[in-house]
Every structure is written in C-alpha cells, then in structure tokens.
Amino acid sequence: MSQISIAIDGPAAAGKSTIAKRVAKKLQFLYIDTGAMYRAVTLYVLEHGDKIIENISEHIDITFGINDEVYLNGTDVSKEIRSPEVTNSVSRVSAIGEVRSYLVDMQRKISRTDSVVMDGRDIGTTVLPDAEVKIFMQASPEVRAKRRLLEETARGNTIDLQTLTDEIIRRDQIDSTREISPLVQADDAILLDTSYLSIEEAEDKIIQLVEDKL
Ligand code: C5P
C-alpha cells in the first residue's frame, strides 16, 4: 500500500502533539512535530543571527530520534527548543519565506517515504494538501493556557497562567495573520474541539476517522 498521511493543524496548545504522537504509535506511522522544526531553526537563528537564513540549507540540518528527540546539526536540542526565548521568537522566524520553504521541502520529503502523522499550522493547507485525513484541532484559550501551565510545571518551570494566556494569544495572532501559509482550517479538514475531550477520546476520534477512510 502507498504512504498514508494524517495532517493535524491548529493553534498553540490545542493538544496536537500529545494526540498526534499517540495516533502515530497506534498506527505505527512516523510522527513529525513540525513546530519542533521551526523551534530548532529559531534556536539557531537566536544563536547565530538572522543572516544565516539567506543560505539556510548550508547551516541547518534537523533530524528526529526514535523517541521524538530533535537533533539540530547532530546535537539533541529537545529541551532548548522549549525555552521561553525560543517560544517568544518562533512566530517571527516562522513567518520568513526562506525558513518556510526549506522546512516544507524537508517535511514533504519525509512523507514520500513513510506514512506520517504530521502536526503543525499549515500541514493540511500547504505541506500535504492531499493528506488522506485532515484534522483542525481547537480548544478554548482558557483550556489551552491551563494545559501549557501543566506542561511547564512538569518541566520544573514556574510561570503564571496570565503570562501563558498572553503568549498563546500573541503567537496565534502572528501565526494566523502572516502572509505565507497562515494558520487556517483547510476546507476539507474536520474540526475537532478538544476542550472537553480526554486525550483518549480525542485519539479514538482520529483513529475512527482514519479507519472510515481506509
Ligand atoms: O507547535 P508549536 O507550538 O511548537 O509551534 C511553534 C511555532 O512554530 C508556532 O507558533 C508557529 O509560529 C510555528 N509553526 C509554523 N508552521 C508549522 C508548525 C509550527 O509556522 N507547521
């Protein structure tokens, strides 16, 4: 059978990566966290300056480990890419055309050789417009901020709910108003509001959608 692609898009902290990872594991597909790729580029840009973007392919190589670790030029940066500095700059760097075309090419290449569950902002609209299943995952800003608070606390970080709410709203605003492939629900994507769903319920819904399609 040829490769199958599942695209999961949506705003920050809607539950995409948690659920996408579980769906990928269940279906034995490759999980690709495209947000992590934009974060890795942002980390490199913060360390080396915007100028490197002109010939980005000569500077940046991104790969994933078997436990979804993110490698930037061979170094595991899974922790560093979640820092507040990276989070605060990632939407600015992600709006740059050269950054997007470099990463979109890389993402499409992966989907040619493997069945994937890919999550991000532009997967169903731009990266994999022919994906077999497209989900647009939503949740209320309050629920999303609370989820981020739990994540940050689990990482040992102290941060207040209002700061996280502001960060999420600001990031969504930049991501959905940028010129190149903004965050928008694809016409043929199914809206999944996870505000009142457990992780298992959201996972089951997606698996059901995939089974219905195949
Ligand atoms: O998914 P995550 O919240 O880690 O994504 C971080 C940022 O990367 C987003 O806020 C957005 O600016 C950018 N991004 C993007 N396109 C994608 C995935 C992420 O522009 N496909």
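Keep in mind the model is a prediction, meaning the values are calculated, not measured.

Structural notes on the UniProt feature "binding site: ATP" (unreviewed entry) in the protein
Mapped onto this numbering, the UniProt entry annotates "binding site: ATP" (unreviewed entry) at Gly10, Pro11, Ala12, Ala13, Ala14, Gly15, Lys16, Ser17 and Thr18. Counting through the fold element by element, Pro11 comes out in the loop between β1 (5-9) and α1 (16-27). Exposure remark for Pro11: the relative accessible area of 4% places this residue in the buried category. Along the chain, Ala13 turns up in the loop between β1 and α1. The residues touching Ala13, leaving out its near neighbours within four places in the chain, are Arg144, Arg147, Arg148 and Ile168.

Digging into the UniProt feature "domain: Cytidylate kinase" (unreviewed entry) in the protein
Under the UniProt annotation, the feature "domain: Cytidylate kinase" (unreviewed entry) is placed at residues 6-211. End C-alpha to end C-alpha, residues 6-211 measures 12 Å, and it is 52% helix and 15% strand.

Some remarks on the environment of Lys213
Its place among the elements puts Lys213 in helix α9 (residues 199-213). By relative accessible area, which is 57% here, Lys213 ends up exposed. For Lys213, the contacting residues outside a window of four places in its chain are Glu132 and Val133.

Some remarks on the site of the ligand
Around the ligand there are 16 residues in total, and Arg39, Arg100, Asp122, Asp175 and Arg178 lie nearest to it. Side-chain polar atom of Arg39 to an oxygen atom of the ligand: 2.7 Å apart, as the coordinates give it. Every element with two or more residues in the shell around the ligand is listed here: α2 (34-48), α4 (84-94) and α8 (161-177).

Concerning the side chain of Arg100
Tracing the backbone shows Arg100 in helix α5 (residues 97-113). Dropping the residues within four chain positions of it, Arg100 is found in contact with Tyr38, Ser94, Asp122, Arg178, Ile180 and Ser181.

Some details on helix α7 (residues 141-154)
Look at α7: 20 Å from first C-alpha to last across 14 residues, which is about the 20 Å you get at 1.5 Å a residue. Buried within α7 are the following residues: Val143, Arg144, Ala145, Arg148 and Glu152. Looking at the buried residues of α7, the elements they touch are α4, β7 (133-138) and α8.

Side note on the sheet that holds strand β8 (residues 190-193)
On the basis of which strands lie adjacent, the open sheet formed by 5 strands has the order β2-β6-β1-β7-β8 and parallel pairing. Here the strands that pair on one side only, and so sit at the sheet edges, are β2 (30-33) and β8. Along the sheet, successive strands turn relative to each other by an average axial angle of 20 degrees, direction set aside. Of the strand pairs in this sheet, β1 and β7 are connected by 4 bridges, and their pairing is parallel. Residue pairing across strands places Asp9 opposite Phe136, the latter belonging to β7.

Quick notes on α1
Here α1 spans 16 Å end to end across 12 residues, near enough to the 16 Å set by a 1.5 Å rise per residue. Turning to α1, its buried residues number three or more, namely Lys16, Ile19, Ala20, Val23 and Ala24. End-on, the buried residues of α1 take up no more than an arc of 135 degrees, which puts them together on one face. For α1, the exposed residues set more than 90 degrees away from the buried face come down to Lys25 and Lys26. Its buried side turned inward, α1 meets β1, β2, β6 (116-120), β7 and α9.

Looking at the packing of α4 against α8
It is at 9 Å that the axes of α4 and α8 come closest, and there the two elements cross at 15 degrees. With respect to α8, the element α4 is oriented roughly parallel. Handedness of the α4/α8 crossing: left-handed. Across the interface between the two elements, Thr87, Asn88, Val90 and Ser91 from α4 touch Glu167, Arg170, Arg171, Ile174 and Asp175 from α8. Taken together, the residues of the contact of α4 with α8 break down into 2 nonpolar, 3 polar and 4 charged.

Thresholds applied
Residues numbered from 1 in each chain as written. Predicted model: local features only at pLDDT ≥ 70, side-chain atom pairs only at ≥ 80, totals over all residues. Heavy atoms only, no water. UniProt positions renumbered as here; feature names shortened; annotations may be inferred. Helix = DSSP H or I, 4+ residues; strand = E, 2+ residues; numbered from the N terminus. Buried < 20%, exposed > 50% of the residue type's maximum accessible area, 1.4 Å probe, protein only. Contact = heavy atoms within 4.5 Å. Near = heavy atom within 4 Å. Polar contact = N/O pair within 3.5 Å; in protein donor to acceptor, adjacent residues only side chain to side chain. Expected span 1.5 Å × (residues − 1). Pairing = 2+ DSSP bridges. Axes fitted to C-alpha atoms, helices over the stretch in contact; angles between N-to-C directions. Arc of directions from axis to C-beta. Parallel < 35°, antiparallel > 145°, perpendicular 65-115°, else oblique. Left-handed = near helix turned anticlockwise from the far one by under 90°. Nonpolar A, V, L, I, M, F, W, Y, C, P; charged D, E, K, R; others polar.

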